[in-house]
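Read off the chains here:
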Amino acid sequence: MQHAIPGDGPSAALSIALIELRDIRKRYGGGDSPAVEVLRGVSLSIQEGEFVAIVGASGSGKSTLMHILGCLDRPSSGEYLYAGRDVAELDPDALAWLRREAFGFVFQGYHLIPTESALENVAMPAVYAGLPAAQRESRATRLLTRLGLAQRLDHRPNQLSGGQQQRVAIARALMNGGRIILADEPTGALDTRSGAEVMALLEELASQGHTIILITHDRTVAQKARRIIDIRDGQIVADTGGPQPISCGNATDSPRLLLEGMAQGVARTASVWSDIIQAARAAWRVMWINRFRTSLTLLGIIIGVASVIVMLAIGHGTRERVVAQMGAFGSNLLYISSVGISSRVPGRSITLADLEAMGEVPNIAFVLPNSTGNKVVRFGSNDVQTYIRGTGAALPHIQTWPLARGTFFSEADDRQMAAVAVLGHVAAQKLMPGIDDPLGRYVLIENVPFLVIGVMSEKGALTGDRDEDDLVIVPFSTAGVRIFGQREPTYTVLAVADVGQIDATQQAVEDLMLKRHGIKDFRSSNAAASLAAQVRTQDSMTVMLAMIATISLLVGGIGVMNVMLMTVKERTREIGIRMATGARQRDILRQFLTESTLVSVVGGVAGVVIGLLVGFTLIVWDVPILFSLTAIAGAFSCSVATGLVFGFMPARQAAGLDPVVALSGE
């Protein structure tokens, strides 16, 4: 069976050997384990265009020799010259470039990546060479078609026979030109017919000028080569002849010209975006194949991101609600009340004269005295213990508290000690359940009938255990004379004109009162300071909630790292295959880092969606929620950073694997 192979073979005879080995030795072990010398002084010269078979029994060192020839392993001592260049001088990236541009590997076990199709396996060397996607797909398709696999392009390795898999491996070896084909027991796992087809392909490639180095223990297979080298116990014991270069008219540039472009070629690669897309595609496929394990890994990221979003939304929502509730009292207010400094010196009352003096303090806009206490209020047969507040007519304006219905009493009502009342939202419901309009009705306070003239809007605030909407408001003078029996206020509210000067104004009021009373028998505070303290408390709670949620994200990151470490161990052979086809350490690092980041990105997106759904559900349940785009973006960014940080160590471990060790891994 003959196949037309594209003429991509190297040039013919050279004045210098293509490959030259000088006294190559390879030892394993040493230290705690006994040293074993596998190769013992191998010297060998191979010219371009030769078809060489290296024959030996198992354990003779022939596979180790092939790994050194293909730059998958380094000798313990000796010199390896490629086109006159000492390979020992090359760094890992240059070695990867040489494997990609000069060598093509055909292994006994095929070494195809199981998650990739035949087309993708063949195109892999061109990916690391930076060839555009359209060109590498076209070339891979052409190679597979000419090898009789046109109908198997999208098949994965487990859908192909052994002979078909080996032909895919040969096509991959030819993808970047295949100047040197290193075939390690290429027929060892094949039946007779498939083995014959593979050997026919290798002979055809040799006739086109490709350098073929065949490793085998089968002398019948070795007879197909034009030169046979026997190796036994790590030494060459026979060679059928010296280097025999073969001329070929359609050969490409010589290896020396190839090496002249090495410096530029090592730096050449695909665009970063192209590399990321390729890595993401491969990563997504691995994630989908292992979707159950991936889902468990995603769970930690999802819970972490959703927790951060929900916890911060609750924290911000609660903060805003507290600010709104406290703001309902007015942020420009000062409060002053009487207090005794000891049990023997009772506090003097703040008098009406004190209130007039406070009104003269600069920046004081309003003085609002208040007499307060709990009393029983009666409507019909309904008695309710509630909070009575005697205050001035300016209360709705000073404390930004509008009425829901009716009107508020006037200054004239206050001067005339009118028996009028304004009900709080809750007090109205308690006193007059089922009555839609309480206006014009009378309630009894201390057996004094009060006409209801208004109902305040709902405030929804608490002062200690008291509901701010559960109260009855009456004129200050009326409360003092007809309810409490004293004219002095319980406490006084002072409104300042410039809230920026509220602290200085508070100090001025304190100085005034201290001067008038001689002792500090009063207590003062301002709403702005209280509001700031509450905001700081809520911010601290929000930070604490966010830190608790971040721990979940951290746990998810540890899960990502554990799974990636497991993935590296499971895919060690795949890493070796990628390195054998020319992947540099940075390519392997990018591949696995992309996988861990993709897991985190998917988990982050799912976490954001779930966090928003949970938040909207809590809104339905009247939980204070305030979503923050900054918090959402921050949580998502943290999830991506988690993938990068926790995926770096596994990715670096994968990139640091030795190619020959990785290839032999399970």
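The structure we're discussing is the one just above.
Residues numbered from 1 in each chain as written. Predicted model: local features only at pLDDT ≥ 70, side-chain atom pairs only at ≥ 80, totals over all residues. Heavy atoms only, no water.

1. Side note on unusual backbone geometry
- In the Ramachandran plot, C71 falls in the positive-phi region, its phi being about 60° despite a non-glycine side chain.
- Assignment of secondary structure puts C71 in the loop between α1 (62–69) and β4 (77–82).
- Residue A83 is not a glycine yet carries a positive backbone phi of 50°.
- With respect to the helices and strands, A83 occurs in the loop between β4 and β5 (85–86). (Helix = DSSP H or I, 4+ residues; strand = E, 2+ residues; numbered from the N terminus.)

2. Remarks on the packing of helix α3 (residues 118–129) against helix α4 (residues 133–146)
- Between α3 and α4, the shortest axis-to-axis distance is 9 Å and the interhelical angle comes to 125°. By the angle between their directions, the pair α3 and α4 is classed as oblique. α4 is crossed by α3, and the crossing has right-handed handedness. Judged by residue contacts, A118, L119, V122, A123, A126 and V127 of α3 engage R136, E137, A140, T141, L143 and L144 from α4.
- Tallied by class, the residues present in the contact of α3 with α4 amount to nine nonpolar, one polar and two charged. (Axes fitted to C-alpha atoms, helices over the stretch in contact; angles between N-to-C directions. Parallel < 35°, antiparallel > 145°, perpendicular 65-115°, else oblique. Left-handed = near helix turned anticlockwise from the far one by under 90°. Contact = heavy atoms within 4.5 Å. Nonpolar A, V, L, I, M, F, W, Y, C, P; charged D, E, K, R; others polar.)

3. Comments concerning the sheet that holds strand β10 (residues 235–239)
- In spatial order, the strands read β6-β7-β8-β3-β9-β10; together these six strands make up an open sheet with mixed pairing. With partners counted over all chains shown, the strands left at the sheet margins are β6 (103–106) and β10, one partner each. Taken pair by pair, the neighbouring strands of this sheet meet at an average axis angle of 20°, ignoring direction.
- Direction of pairing for strand β3 (residues 51–55) relative to strand β8 (residues 211–216): parallel, over a ladder of five bridges. Note that in β8 the partner of I54 across the bridge is I215.
- Contacts between helix α5 (residues 162–174) and the sheet are confined to β6 and β7 (180–184), with β6 contributing the most and set at about 175° to the helix. (Pairing = 2+ DSSP bridges.)

4. Points about the packing of aromatic side chains
- Under the criterion given, the structure shown has five aromatic pairs.
- With 6.0 Å between their ring centres and 55° between their planes, Y82 and F103 make a pair best called tilted. Residue Y82 is found in strand β4, and its partner F103 is found in strand β6; the two are separated by 21 residues along the sequence.
- Look at F103 and you get buried, because its relative accessible area is 4%.
- Every member of this aromatic cluster is reached through a ring pair, and the members are Y82, F103, F105 and F107.
- Above the ring of W401, the side-chain terminus of K459 is found at 4.0 Å from the ring centroid. (Phe/Tyr/Trp six-rings, centres within 6.5 Å; stacked < 30°, edge-to-face > 60°. Buried < 20%, exposed > 50% of the residue type's maximum accessible area, 1.4 Å probe, protein only. Lys NZ or Arg CZ within 6 Å of the ring centre and 35° of its normal.)

5. Regarding the pairing of strand β22 (residues 522–526)
- Burial along β22 is one-sided: F522, S524 and N526 are buried, and none of R523 and S525, which face the opposite way, are.
- As defined by bridge partners, strand β11 (residues 333–338) adjoins β22 across five bridges and the pair is classed as antiparallel. Of the residues in β22, the one forming a bridge with Y335 is S525.

The quantities given are spatial measurements derived from coordinates; they are silent on function.
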